[in-house]
Amino acid sequence: MMDALQLLHERRSCTALTDPAPEGLALENILRAGMRVPDFQSLHPYEFLLAVGEGRVRLGEMMERAAWASGRPPEVVARAKKMPLRAPLVIVVVARARQSALVELFEQRLSAGCTVMAMQMAAVAQGFGGIWRSGWPMFDPNVSAELGLGADDQIVGFLYLGTPSAPPKTDLPPTDPAGYWRML
Ligand SMILES: Cc1cc2nc3c(=O)[nH]c(=O)nc-3n(C[C@H](O)[C@H](O)[C@H](O)COP(=O)(O)O)c2cc1C
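Residues numbered from 1 in each chain as written. Predicted model: local features only at pLDDT ≥ 70, side-chain atom pairs only at ≥ 80, totals over all residues.

### Thoughts on helix H2 (residues 24-34)
Think of an α-helix as turning once every 3.6 residues; residues three or four places apart then point the same way.
Part 1 of the argument: Looking at H2, one finds that the buried residues are Leu 27, Ile 30 and Gly 34. Along H2, the residues classed as buried sweep out an arc of 55° about the axis, all on the same side. Set apart from the buried face of H2 by more than 90 degrees, the exposed residues are Gly 24, Leu 25, Glu 28 and Arg 32.
Part 2 of the argument: The elements touched by buried residues of H2 are strand E2 (46-52) and helix H5 (105-125). (Buried ≥ 20, exposed ≤ 12 C-beta atoms within 10 Å, placed from the backbone. Helix = DSSP H or I, 4+ residues; strand = E, 2+ residues; numbered from the N terminus. Arc of directions from axis to C-beta. Contact = placed C-beta atoms within 7 Å.)

### A short note on unusual backbone geometry
Part 1 of the argument: A cis amide bond links Asp 19 with the next residue in sequence, Pro 20, at an omega value of -5°.
Part 2 of the argument: As for its position among the elements, Pro 20 is in the loop between strand E1 (17-18) and H2.
Part 3 of the argument: Positive phi, normally seen in glycine, also occurs at Gln 41, with a value near 70°.
Part 4 of the argument: Along the chain, Gln 41 falls in the loop between H2 and E2.
Part 5 of the argument: For Gln 41, a count of 14 C-beta atoms within 10 Å gives the class partly exposed.
Part 6 of the argument: Even without glycine at this site, His 44 takes up a positive phi of about 45°.
Part 7 of the argument: Its location among the elements puts His 44 in the loop between H2 and E2.

### With respect to the site of the ligand
Part 1 of the argument: Taken together, Arg 12, Ser 13, Ile 131, Trp 132, Arg 133, Ser 134, Gly 135, Gly 157 and Pro 173 make up the full set of residues near the ligand.
Part 2 of the argument: With three residues, strand E4 (residues 129-133) is the single largest residue contributor to the shell around the ligand.
Part 3 of the argument: The residue inventory of the shell around the ligand, partitioned by class, reads three nonpolar, four polar and two charged. (Near = placed C-beta within 6 Å. Nonpolar A, V, L, I, M, F, W, Y, C, P; charged D, E, K, R; others polar.)

### Structural notes on the packing of H2 against H5
Part 1 of the argument: Their axes nearest at 7 Å, the elements H2 and H5 cross at an angle of 150°. Considering their axes alone, H2 and H5 lie roughly antiparallel with respect to each other. Judged by the sense of rotation from one axis to the other, the crossing of H2 with H5 is right-handed. Along its contact with H2, which presents Asn 29, Ile 30, Ala 33 and Gly 34, the element H5 presents Thr 115, Ala 118, Met 119, Met 121, Ala 122 and Ala 123.
Part 2 of the argument: Across the contact of H2 with H5, the residue classes tally to seven nonpolar, three polar and no charged. (Axes fitted to C-alpha atoms, helices over the stretch in contact; angles between N-to-C directions. Parallel < 35°, antiparallel > 145°, perpendicular 65-115°, else oblique. Left-handed = near helix turned anticlockwise from the far one by under 90°.)

### What to know about the nonpolar core
Part 1 of the argument: In terms of nonpolar packing, the biggest core is built from 37 residues, with Met 63, Val 90, Ile 91, Val 92, Val 93, Leu 159 and Leu 161 touching the most fellow members.
Part 2 of the argument: When contributions to this core are tallied by element, the ones reaching two or more residues are H2, E2, helix H3 (54-69), strand E3 (89-95), H5 and strand E5 (154-164).
Part 3 of the argument: A total of seven residues in this core trace back to one element, the largest contributor, which is E3.
Part 4 of the argument: If sequence neighbours within four positions are ignored, Ile 91 has contacts with Phe 48, Leu 49, Leu 50, Met 119, Leu 159 and Leu 161. (Core = buried A, V, L, I, M, F, W, Y, C linked by C-beta atoms within 7 Å.)

These figures capture arrangement, not role.
Here you go:
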């Protein structure tokens, strides 16, 4: 297990991902980390859609149909089908709007966004790698329709997870907080 601060300070995303994907207890650990994000009123305002194996093919077909239905350029339509094949596991993280007189939709979506980071870190902590992706499918109404989402639901990320097939990047971007904070 990595030290928590080291994980937060030195984490890198990983695009070169191969088998094996996290499964069994490792996957459960990841999902549990997602479910421990700050969550006002414990609304659990999210859903995790898991695509592995043939599920990634189905997700790619959904994206291809959506790209076509949305009138995207032919090269985008052609690429759409292959997108989920870039990792052995893709988790589509959906902010699911819950009825609440107290918790705004934006707050619920922030909570759902936190799950992406938490799950990525839980994967890294267990020796896996991953990257949080978005792109046009995150905002495309036809992708949402293919996934059966409601009008107020919003995809907040495609979390690509697997085993790093290349060494992690070592060139950490600067994390000097100077210039990013001020006393009030
Ligand atoms: C909401 C969100 C969407 C993102 N979408 C993409 C994406 O579509 N493609 C991509 O290469 N990186 C995307 N990123 C950035 C990567 O997740 C990653 O942070 C970036 O490649 C920098 O690498 P690092 O995390 O190792 O610093 C996104 C990040 C966030 C928070």
